[in-house]
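A structural walkthrough
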Amino acid sequence: MAVAHRAMEDAPSGDTDLLFLDWTAQRVRAAQQLFLDRGGEPTTVAAVTPAGEVAAYTVLVLPDPTDPAGPRGLQHDTVVVPAHRGRGLGRTVKRAMLADARSRHPALREIDTTVADDNAPMRAVNEALGYRRERAAAVFRLGL
């Protein structure tokens, strides 16, 4: 997962000057624990090569599965490692995540995700799966 996560560094992100962390197995476990500590329920769906390498993955977090209005999912990173791009793996892991979420959480009513306007491949995947654009977002940063 940590090796695959580093593939996010070349995802189209417009004019933002993103800072990338050094993802290690320890950082991946810590991020998952943070979701749990905040009451979330993380689920990761991955496409794994015969050699055991993660070729693609996506993460869904239900922030509060007990919300009486029904749980709302937050889809975090969807990553396809460069060597495996162009094969539909992003769509495959997202589709599998949606099927899993529907079967395990029938009360789930919506899933939100964020994609940079410049990331045409992932926007196309989301649109093909039925996601709809809700609003634009902006990133602000103040140097101190």
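Rules used throughout
Residues numbered from 1 in each chain as written. Predicted model: local features only at pLDDT ≥ 70, side-chain atom pairs only at ≥ 80, totals over all residues. Heavy atoms only, no water. Helix = DSSP H or I, 4+ residues; strand = E, 2+ residues; numbered from the N terminus. Expected span 1.5 Å × (residues − 1). Buried < 20%, exposed > 50% of the residue type's maximum accessible area, 1.4 Å probe, protein only. Contact = heavy atoms within 4.5 Å. Pairing = 2+ DSSP bridges. Axes fitted to C-alpha atoms, helices over the stretch in contact; angles between N-to-C directions.

**Quick word on helix α3 (residues 89–104)**
Here α3 is 16 residues long and its end C-alpha atoms lie 22 Å apart, about the 22 Å a rise of 1.5 Å per residue gives. Within α3, the full set of buried residues consists of Leu89, Gly90, Val93, Lys94, Met97, Leu98 and Ala101. Taken together, the buried residues of α3 touch β1 (41–48), β2 (54–62), β3 (72–80), β4 (110–112) and α4 (120–128).

**What about the pairing of β1?**
In terms of strand pairing, β1 meets β2 through 8 bridges, oriented antiparallel. Residue pairing across strands places Pro42 opposite Val61, the latter belonging to β2.

**Topic: the side chain of Thr49**
In this structure, Thr49 sits in the loop between β1 and β2. Under the relative-accessibility criterion, Thr49 is labelled buried at 17%. With near-sequence residues (within four places) excluded, Thr49 lies in contact with Ala55 and His84.

**Examining the sheet that holds β4**
Judged by pairing direction, the sheet is mixed, and its 4 strands sit side by side in the order β1-β2-β3-β4 without closing on themselves. Each edge of the sheet is formed by a strand with only one pairing partner; in this case those strands are β1 and β4. Averaged over all pairs of adjacent strands, the angle between their axes in this sheet comes to 25 degrees, without regard to strand direction. Bridge count between β2 and β3: 5 bridges; the pairing is antiparallel. Bridging from a neighbouring strand, Val61 pairs with Leu74 of β3.

None of the figures reported here should be taken as evidence of function without further support.
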